[in-house]
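# Analysis of the macromolecular model
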Amino acid sequence: MLTKEHIDGLLNKKGNILSADGDKIGSLGQVYADDDNGQPTWVTARTGLFGNHESFIPLEGARLEGSDIVVPYSKDQIKDAPRVDAEGHLDPSEEDRLYEHYQLNGNVTYSEAANGRRADSSRTADQSAAGLSATERDAGFAAAGSGGTYSAPDDRFERDTSGLADGDAMTRSEERLNVGTERQAAGRARLRKYVVTENVTQTVPVQREEVRLEREPITEGNQDEALRGRHISEAEHEVVLHEERPVVDKETVPVERVRLDTETVTDEVTVDEQVRKERIETDGVEDTRR
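Residue numbers restart at each chain and count upward from 1, following the sequence in its written direction. In keeping with the predicted nature of the model, local features appear solely for residues at pLDDT of at least 70, side-chain atom pairs appear and are counted solely at 80 or more, and the whole-chain, interface and lining totals rest on all residues. Where side-chain values are given, they derive from all heavy atoms of the structure, hydrogens and water being excluded.

Buried means the residue's accessible area, taken with a 1.4 Å probe over protein chains only, is under 20% of the maximum for its type, while exposed means over 50%, and partly exposed covers the values in between. Strands are runs of DSSP state E lasting at least 2 residues, helices are runs of H or I lasting at least 4, and numbering of each runs from the N terminus. Among all positions in helix 1 (residues 4-13), only I7, L10 and L11 are buried. In a view along the axis of helix 1, the buried residues occupy a sector of 95°, so they form one face of it. Exposed and oriented more than 90 degrees from the buried face of helix 1 are E5 and K13. Positioned one or two residues after helix 1, K14 has a phi angle of 55°, which is positive. The directions considered for the arc run from the helix axis to the C-beta atoms.

Listed below in structure tokens is the structure:
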């Protein structure tokens, strides 16, 4: 709920009026307060090309959202509201028509209570400023606790008029899309070496000695050798047998080198963005293009 304590901050922040659907209706114009208790009852939204039109909106059911006021009405409903001059004063008939448009029939109207609080709920701009200090009048709003009209600083004359030349030309601008690229980290890659064990089977030829008995007859060639020594005796002869066994030895040898390298590939990415363009409309004249 909006109270008179909120008015000063709202007017100085130059907020906007938003509809119940979140659409911007216009910038904050004036706040009309009740003379009896100083509570705000009406607000105006500045609309139009230069904000020179103000639409009246009741503050009943409105809420604050930052520096903006959200009203429980649609943009179309506010757009179709009765046209009333925002001159710091609402006539009884004008306020009745506004209440009827916004279907606030439960409120007491001027005709129902000529001496009611709404009979003098809005003052003229001169009446409101009569009891203000010079600082308050320059700021554009009445002192807290009083009734009358609270006006936001008028920024209609602070708007950019650089596009106007001698009052007969207007510059039309538009946004253009400038698309570039920037380099950023997309991921990391690393080399990691670890040890695995595997079985290797290899066949190796090995040699061994075996005993073989050979007999040879006595001949003239070996007779002298055979008769050497005693004729009858006991004797032993021993032969050492040899064999080969596989011997395993391992050595570490380099087999390859692995490194990380990067290469640049080019992809095409479609950029879809909205740009705004200004359009100029004419009223009552023919559009003559040169």
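Time to look at the pattern of salt bridges. A pairing counts as a salt bridge when a side-chain nitrogen of Lys or Arg comes within 4 Å of a carboxyl oxygen of Asp or Glu. Taken as a whole and judged by the stated rule, the model has eight salt bridges. Among the salt bridges present, the one from E174 reaches R172, with a minimum N-O distance of 3.8 Å. Since its relative accessible area comes to 45%, R172 is described here as partly exposed. Among the ionic pairs, R276 bridges to E175, the shortest N-O distance being 2.9 Å. Linking R276 in the segment after helix 6 (223-226) with E175 in the loop between strand 7 (148-151) and helix 6, this pair joins segments that are 101 residues apart in sequence.

A few words now on the environment of E174. If you trace the backbone, E174 turns up in the loop between strand 7 and helix 6. Between the alpha carbons of E174 and E278 there is a distance of 5.7 Å; along the sequence they are 104 residues apart. Two residues qualify as a contact provided that any one of their heavy atoms is within 4.5 Å of a heavy atom in the partner residue. With sequence-adjacent residues up to four places away left out, E174 is seen in contact with R276 and K277.

Ranked by internal contacts, the top residues of the largest apolar core, which has 27 residues, are I17, I57, I69, V71 and Y102. Sorting the residues of this core by element identifies helix 1, strand 2 (24-33), strand 3 (40-47), strand 4 (53-58) and helix 3 (92-101) as the ones contributing at least two each. Ignoring sequence-local partners within four residues, the contact set of Y102 consists of W42, F56, I57, P58, Y73, Q77, I78 and A81. In plain words, nonpolar cores are sets of buried Ala, Val, Leu, Ile, Met, Phe, Trp, Tyr and Cys residues tied together by side-chain atoms within 4.5 Å.

With that settled, consider the environment of L191. Its place among the elements puts L191 in the loop between strand 7 and helix 6. Sequence spacing of L191 and L260 is 69 residues, and the spatial spacing of their C-alpha atoms is 7.3 Å.

Two rings from Phe, Tyr or Trp (for Trp, the six-membered ring) form a pair when their centres are within 6.5 Å of each other. A pair whose planes differ by under 30 degrees is stacked, one over 60 is edge-to-face, and the rest are tilted. This structure, assessed with the given rule, holds four aromatic pairs. Through pairs of rings, three or more aromatic residues link up here, namely Y32, W42, F56 and Y99.

With that settled, consider the pairing of strand 3. Each regular strand carries side chains that alternate between the two faces of the sheet. Buried residues dominate strand 3, accounting for eight of its eight residues. Two strands pair when backbone bridges link them, and strand 2 and strand 3 are joined in this way by five bridges, in the antiparallel orientation. Note that in strand 3 the partner of L28 across the bridge is A45. At least two DSSP bridges between two strands are required for those strands to pair. Two strands pair when backbone bridges link them, and strand 3 and strand 4 are joined in this way by six bridges, in the antiparallel orientation. The residue bridging V43 from the neighbouring strand is I57, located in strand 4.

Fair warning: the whole summary comes from geometry, so function is off the table for now.
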